[in-house]
Each structure stands twice: as C-alpha cells, then as structure tokens.
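Here's the letter readout for the chains.
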Amino acid sequence: MSTRADDVKQIAATTVESEERLAACVDALAASARRDRQNAASVVAAVARIDAQKLVPYGTQIVEALEVPEAQTRWEVLDALTELCAFDSRVCDKAVDGAEGALFDEDSGPLRLAAMKFLCRLGSTTPARSDKAWGLIDEGIQCYHGDLEFNEMLNALVDFSNGKLSPTVKEELAERMRFDSTNGKGILKKRALVIIENLESK
C-alpha cells in the first residue's frame, strides 16, 4: 500500500521534469483552499530535495507562501527554501522575517524546527548572513533547549558550525554550547562537543 509520502514523491518526480507542472504547483501555493496550498507545498518541498535548482525562477513566490496561516504549508516551504539556499541565497534573505515568525510559533513544533534548519543553512553561507541569523538562532537554542525537536535542531547547528561564520558568531556559539558539552548527556553532549570542535578547527 502506498503512503501519502510515496504519492508526493511520485508527483514530485514528474513535476520536476515539467516546467508547466512546476509553475502550476508553485502557483497553487497561493490557492484559496488550505488543502490545495498544503498539497502544493508538499510537492514543492519534495522537488527541492530532488533538484532545488529547478525552483530558482520561483523563489519569490515560494517566499511569499510563508504568509499563509497554516503551519504545514509554511514548514514545507521553509524546507524547500533550505535547499534553495545553495542556489539563490539572495532570494532566501527575503524569507528571514517569515522564518522568524515560524521560529516562535507557539503551536507547531515541526514549523519551529523547519525555521531553525532554514536559518542555520542561510546563516552558514557568509559571515554577514551568520551575523544576521545568529540572534534568532541563539534565541531559538535558549527557547527550545530540551524540547522534542531540539535534537534535530542540534543537527542543524552542527551544519551551521561548519559554515562561513563571523568571528563573533563562532565565539558566541561556542560559549552557548560549552555548558552542554560539559554537563549534558547522550546526544546533547555529543553534538555540543562536535560543534565546539568544528568551531575550534577553523
């Protein structure tokens, strides 16, 4: 029996090969019906995982989809933008405000996690972007420390620590992780140690 995830992957595999289908899918991010927006966002996120470069012409529309009310559309869009950072980080800069709202959404853990992943990916691209994203990332670390999604947030922070960070961000991230590297347990301690090692090796 196929799952919804399998169906989305199949649709994405055909959509990525057709400019017409891809354009229609991105247009549907602004549809009037919530379900249509959610379905479109799921496919756009899956397309991004297959070939994010195909989404470059639609970057602005994808960013605009962060303004819709439902959490699922926004987290799928943030997942797509996370992949798009490697190909068009400038358009992704326009998503920071939307990501900030998502990061502090009180009702959706997956949305907060997607926002953290996006901010870490975008912030890792240049020292200037690391400075811009760091305040939000740091606040997220403090707000969600110990939450269900925090282990996955730590994985995003590991990637962030390998990025092109400013000296200030490196220093402050290392300081933020120092407590967990000494007093944490299990995955938390291991990830904190990896982050500090990454920062100190540069």
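These numbers come from a predicted model, not from an experiment.

Conventions we followed
- All residue numbers refer to position in the chain's written sequence, counted from 1.
- Given that this is a predicted model, residues contribute local features only at a pLDDT of at least 70 and side-chain atom pairs are listed and counted only at 80 or more, while totals for whole chains, interfaces and linings are drawn from all residues.
- Note: side-chain values were computed over all heavy atoms of the structure, leaving out hydrogens and water.
- Pairs were defined over the aromatic rings of Phe, Tyr and Trp, the Trp ring being its six-membered one, requiring ring centres within 6.5 Å. Orientation was assigned from the angle between planes: stacked under 30 degrees, edge-to-face over 60, tilted for the rest.
- Labels follow the DSSP assignment, with helices taken as runs of H or I lasting at least four residues and strands as runs of E lasting at least two, numbered in each case from the N terminus.
- We call a residue buried when its accessible area falls under 20% of the maximum for its residue type, exposed when it is over 50%, and partly exposed in between, using a 1.4 Å probe and counting protein chains only.
- Here the axes come from fitting lines to C-alpha atoms, over the contacting stretch only for helices, and the angles between their N-to-C directions go from 0 to 180 degrees.
- Here is the rule for angles: anything less than 35 degrees is roughly parallel, anything more than 145 is roughly antiparallel, 65 through 115 is roughly perpendicular, and the remaining ranges are oblique.
- Here, residues are in contact when the closest pair of their heavy atoms is within 4.5 Å.
- Side-chain classes follow a simple rule in which Ala, Val, Leu, Ile, Met, Phe, Trp, Tyr, Cys and Pro form the nonpolar group, Asp, Glu, Lys and Arg form the charged group, and the remainder, Gly included, forms the polar group.
- By salt bridge we mean one thing: a side-chain nitrogen of Lys or Arg within 4 Å of a carboxyl oxygen of Asp or Glu.

Draft legend 1. Region of interest: the packing of aromatic side chains. Scanning all chains against the criterion turns up one aromatic pair. Ring centres of Trp 134 and Phe 160 lie 6.4 Å apart, and the angle between their planes is 5°; this geometry places the pair in the stacked category. With Trp 134 in helix α9 (residues 127–144) and Phe 160 in helix α10 (residues 150–161), the pair connects residues that are 26 residues apart, well separated along the chain. Residue class for Trp 134 comes out buried when judged on its relative accessible area of 5%. We classify Phe 160 as buried; its relative accessible area is 0%.

Draft legend 2. Spatial organisation of the packing of helix α7 (residues 96–103) against α9. Their axes nearest at 11 Å, the elements α7 and α9 cross at an angle of 10°. When the axes of α7 and α9 are compared, the pair comes out roughly parallel. When α7 is examined against α9, the residues Val 96, Glu 100 and Leu 103 are found in contact with a partner set consisting of Lys 132, Leu 136, Gly 140 and Tyr 144. Residue classes in the contact of α7 with α9 are distributed as four nonpolar, one polar and two charged.

Draft legend 3. Up close: the pattern of salt bridges. In the structure shown here, the tally under the stated rule is eight salt bridges. The shortest N-O distance in the salt bridge between Glu 149 and Arg 112 comes to 3.9 Å. In this pair, Glu 149 is assigned in the loop between α9 and α10 and Arg 112 in helix α8 (residues 109–123), connecting sequence segments 37 residues apart. Each member of the pair, Glu 149 as well as Arg 112, is classed as buried. Residue Glu 175 pairs with Arg 178 through a salt bridge whose shortest N-O separation is 2.9 Å. Of this pair, Glu 175 and Arg 178 both sit in helix α11 (residues 167–183), three residues apart, roughly one helical turn.

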